[in-house]
Amino acid sequence: MTSSLRLVWVYPDLLSTYGDRGNLLVLERRARLRDIGVESVFVNSDQPVPRDGDIYLLGGGEDLPQVLAARRLRADGGLAAAADRGAVVFAVCAGYQLLGHEFGGADGEPTAGLGILDIRSGRGDRRAVGEIVADVDPGLGVPVLTGFENHQGVTRRGPDAAPLAQVSVGTGNGDGTEGAYAGRVLGTYSHGPALVRNPGLADLLLGWVVGPMRPLPAERDELALTLRRERLAAVTR
Amino acid sequence: MNKLPLRARLATSVGGAASKVSRLAGRGDGSVIGGVIGLRLEPGLLAMLAQDRDVVLVTGTNGKTTTTRLVTAALAPLGEQIASNAFGANMEAGMASALGQAPDATIAVLECDEKYIPTVLKATHARVLVLLNLSRDQMDRAAEIWLLARRWREAIDAAPDCHVVANADDPLIAWAAAKAPHVTWVAAGQRWHDDSWCCPRCGSHLRRTGGDWRCGECSFTRPPVRWALSGDDVIDQAGRVRPLDLALPGRANRSNAVVALAVAEVFGVDVVHALRGLRDVVSVAGRYTTVERRGVAIRLLLAKNPAGWLEALDVLRPPPEPVMLAVNAQVPDGRDTSWLWDVDYRRLRGRQVFVGGERRTDLAVRLEADDVTFELVAGIDEAVDRVGHGSLEVIGNYTAFQQIRTALGRAA
């Protein structure tokens, strides 16, 4: 083991609607296969968020839990403090929205987010449900994003956040872009286990913490790459 | 039945003919198509067909089909003819078809899809509404479950004569049912907690101690129960303990059976007689059936969502019993396979695992992350050939399960 990596799963009791555990499992696996030690911490919404984590994960959630999670995280302050000192934050769907300045609450009313990503979200006219394909910002060096989206959010970026990707299939933020990032804080509408189909994105997050890594042996990556090919073929067909 | 207006009578007889054609043509079991055609002829058909009958509606994320079957069995001692959509066709067409095919039945036990409860409750003036559980399920097309529970609350509020039989162990169910003036609360258990960490009333963190739960901030608490499942026994309101002794396997089915006893009580059926009916049920719409194939005894289990998979994995015979898992993502299954990551597969380690279905790659990646070794197979026959002899457990989600049944012949 060369070093130890601390993963923090933020509020699985509130923000884990659909397979969000997958992101944690993928990061753990890809770190271990490179002999990087991993320690994972689950922090429920009645516990303080530790400030010394390396990668923080936030999942999706229904409206009420999302509002509650935002309220608790603001009061706790731990996640914002960690992001401030340069920790990696990866958030999907409801978790992505609540990183911003505001999002739509249970009845669409503007609700205060954490303000650690320069985005504002509201509710759109129709629900976006289905496969999403998007070309990731070339600066990140990650192959095309493939995922499944299921949300009614519309997200606008401010000047301090860059789009994660440009949508070719699906809805994303609603303006042709998908997700957003600034520094090491990254969010996406590709819901649930977004890193499962995007091992390149998982490696980007790991690399932000541990620096350049060797690629996995081909046989260890074969199934994930097969899954990527299958899903991409299914939508562009 | 003769009291039905001419248009409705025509609708049911045309629908009935279509059911027969569908069955003869070998396309489905005929339980839906008759209802679809009937409803097209007469949109108020369900209300007309339900008139003057005692209707029991059964809904929830998991256990609907089995509970419908068990309630029917528990009511059998009444000696009345009972209409039921016993094969899981649980939308309006399936219900109308079941009623149309049994014009003389005075009782109807109807499985109802969660989304349709508001309209169907209103149309049928149900005597009893059974609420089993609510958990994440096919979220690409179903509403978020809290919204679903809120719609149930409104529907129940508008039907004060309906007697609700509800699972007190599921906080979301307890919240939905609390609106009803007449509720029989059942401690039916809740194996899956991941969708009920929050108080449905105020959103705060729920506190759990043993089987009990209460909100840490508002006054919402688990209601006192009249029937309870305890291990393999049922306990009634007087504290009498009776063994269930079901032929159906698993904790989930024992829980469904206790719910059925609570429904039987509403109808005045003696618990001893009702229990006898429950014990006679050995398989439900192909589930739990054992089929022989090339010398291998195959047992079929259906699991459609994370809570269902948890229950199905509980039912598996211990290792080294081989198991085949099959997953599809067609529209009835939900087109999103993210839920695979909510299921803990680690306990499959140490047995031979076959992976099939149209989305077997998704499942394979999932098992790889849990360090479960597996073999990809093209279909049930390949798994059977590799097992060679003895027995094989099969768990499939909805359309994968149906495909396997078809491959094994309708005997399954």
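Source: prediction; values computed, not measured. (Residues numbered from 1 in each chain as written. Chains lettered and ligands numbered in written order. Predicted model: local features only at pLDDT ≥ 70, side-chain atom pairs only at ≥ 80, totals over all residues. Heavy atoms only, no water.)

Visitor: Please clarify how the overall build of chain A should be interpreted in this entry.
Guide: Of the regular secondary structure elements, chain A holds six helices and eleven strands. For 237 residues, the compact-globule formula gives about 18 Å, and the C-alpha radius of gyration of chain A, at 16 Å, lands near that figure. Once the C-alpha set of chain A is aligned to its principal axes, its extents read approximately 50 × 45 × 30 Å. Taken across its 237 residues, chain A has 59% of its residues classed as buried. Here the analysis covers contacts within chain A between residues at least 6 apart in sequence; of these, 69% occur between residues at least 24 apart. Charge-centre separation for chain A: the mean point of 25 positive side chains lies 2 Å from the mean point of 29 negative side chains. (Helix = DSSP H or I, 4+ residues; strand = E, 2+ residues; numbered from the N terminus. Rg over C-alpha atoms; globule rule 2.2 N^0.38 Å. Buried < 20%, exposed > 50% of the residue type's maximum accessible area, 1.4 Å probe, protein only. Contact = heavy atoms within 4.5 Å. Lys, Arg positive; Asp, Glu negative; His and termini not counted. Charge placed at Lys NZ, Arg CZ, Asp CG, Glu CD.)

Visitor: I tried to follow empty space enclosed by the protein on my own but got confused; where do I start?
Guide: Any space left empty among the atoms is revealed by the rolling of a water-sized probe across them. All names here are of chain B. Applying the stated criterion across every chain, the model contains seven cavities of 30 Å³ or more. Approximately 600 Å³ is the volume attributed to the largest cavity. Forming the walls of the largest cavity are 36 residues, and the residues nearest its centre are Asn62, Gly63, Ala252, Gly308 and Glu311. Looking at the lining of the largest cavity, the elements that each hand over two or more residues are α4 (64-75), α9 (251-266), β13 (296-302) and α11 (306-315). (1 Å grid on protein atoms, 1.4 Å probe; cavity = no way out; pocket = protein on both sides within 12 Å on 5 of 7 lines; lining within 4 Å. Points joined across faces, edges and corners; volume = space filled by probe spheres on them.)

Visitor: Would you mind showing me how to read the sheet that holds strand β11 (residues 241-243) of chain B here?
Guide: Residues and elements named next belong to chain B. One open sheet accounts for nine strands, arranged β2-β3-β1-β4-β5-β6-β9-β10-β11; its pairing is mixed. Bordering the open sheet on either side are β2 (82-84) and β11, each of which pairs with just one other strand. With strand direction ignored, the average angle separating the axes of adjacent strands in the sheet is 20°. The pairing of β2 with strand β3 (residues 107-111) spans three bridges and is classified as parallel. By the bridge assignment, Ser84 is partnered in β3 with Val109. Lying over the sheet, helix α5 (residues 92-100) contacts β2 and β3, oriented at roughly 155° with respect to β3. (Pairing = 2+ DSSP bridges. Axes fitted to C-alpha atoms, helices over the stretch in contact; angles between N-to-C directions.)

Visitor: It is not clear to me how the interface of chain B and chain A should be interpreted in this structure. Could you clarify?
Guide: When the parts of a complex come together, some accessible area is lost, and that lost area is often taken as the interface size. If you look at the interface, chain B gives 31 residues, while chain A gives 37 residues. At the boundary of chain B with chain A, total buried surface from both sides reaches about 3,000 Å², with 56% on carbon and sulfur atoms. For the salt bridge of Arg72 of chain A with Glu217 of chain B, the shortest nitrogen-to-oxygen distance reads 3.5 Å. Counting every contact that joins chain B to chain A gives eleven residue pairs in polar contact (both at pLDDT 80 or more). Put simply, the parts of the chain that give the side of chain B that touches chain A at least two residues each are α7 (145-157) and α12 (360-369) of chain B. Ranked by residue count, the leading element in the side of chain B that touches chain A is α12 of chain B, at seven residues. (Buried area = accessible area lost by both parts, 1.4 Å probe. Salt bridge = Lys/Arg side-chain N within 4 Å of Asp/Glu carboxyl O. Polar contact = N/O pair within 3.5 Å; in protein donor to acceptor, adjacent residues only side chain to side chain.)

Visitor: How do you make sense of α7 of chain B when you look at a structure like this?
Guide: Residue pairs spaced three or four apart in an α-helix point in one direction, given the helix's 3.6 residues per turn. With 13 residues, α7 of chain B ought to run about 18 Å at 1.5 Å a step, and its terminal C-alpha atoms sit 18 Å apart, in line with that. Looking at α7 of chain B, one finds that the buried residues are Ile145, Trp146, Leu148, Ala149, Trp152, Arg153, Ala155 and Ile156 of chain B. Those residues of α7 of chain B that are buried are in contact with α2 (63-76) of chain A together with β1 (54-59), α6 (117-124), β4 (128-131), β5 (163-167) and α8 (171-177) of chain B. (Expected span 1.5 Å × (residues − 1).)

Visitor: What exactly am I supposed to notice about the environment of Val43 of chain A here?
Guide: Residues and elements named next belong to chain A. Looking at the element boundaries, Val43 is found in strand β2 (residues 37-43). Separated by 32 residues in the primary sequence, Val43 and Tyr11 place their C-alpha atoms 5.4 Å from one another. Other than its neighbours up to four places away in sequence, Val43 contacts Val8, Trp9, Val10, Tyr11, Pro12, Pro48, Val49 and Pro50.

Visitor: Quick question: what am I supposed to make of the domain arrangement of chain B here?
Guide: Residues and elements named next belong to chain B. Taken domain by domain, chain B comprises domain 1 (6-279) and domain 2 (290-408). Between domain 1 and domain 2, the residue contacts involve 14 residues of the former and 18 residues of the latter. When domain 1 packs against domain 2, the two sides together hide about 1,400 Å² of surface, and 50% of this comes from carbon and sulfur. Taken together, the links from domain 1 to domain 2 amount to two salt bridges. In this structure, Arg136 and Asp342 form a salt bridge, with 2.9 Å as the shortest nitrogen-oxygen distance. Connecting domain 1 to domain 2 are three residue pairs in polar contact (both at pLDDT 80 or more). (Domains from an automatic or database assignment.)

Visitor: I tried to follow the state of the cysteines on my own but got confused; where do I start?
Guide: By definition, a disulfide links the sulfur atoms of two cysteine residues through a covalent bond. All chains considered together, the criterion is met by zero disulfides over all chains. Left unpaired, Cys215 of chain B is separated from the closest cysteine sulfur, that of Cys202 of chain B, by 3.6 Å. (Disulfide = S-S within 2.5 Å.)

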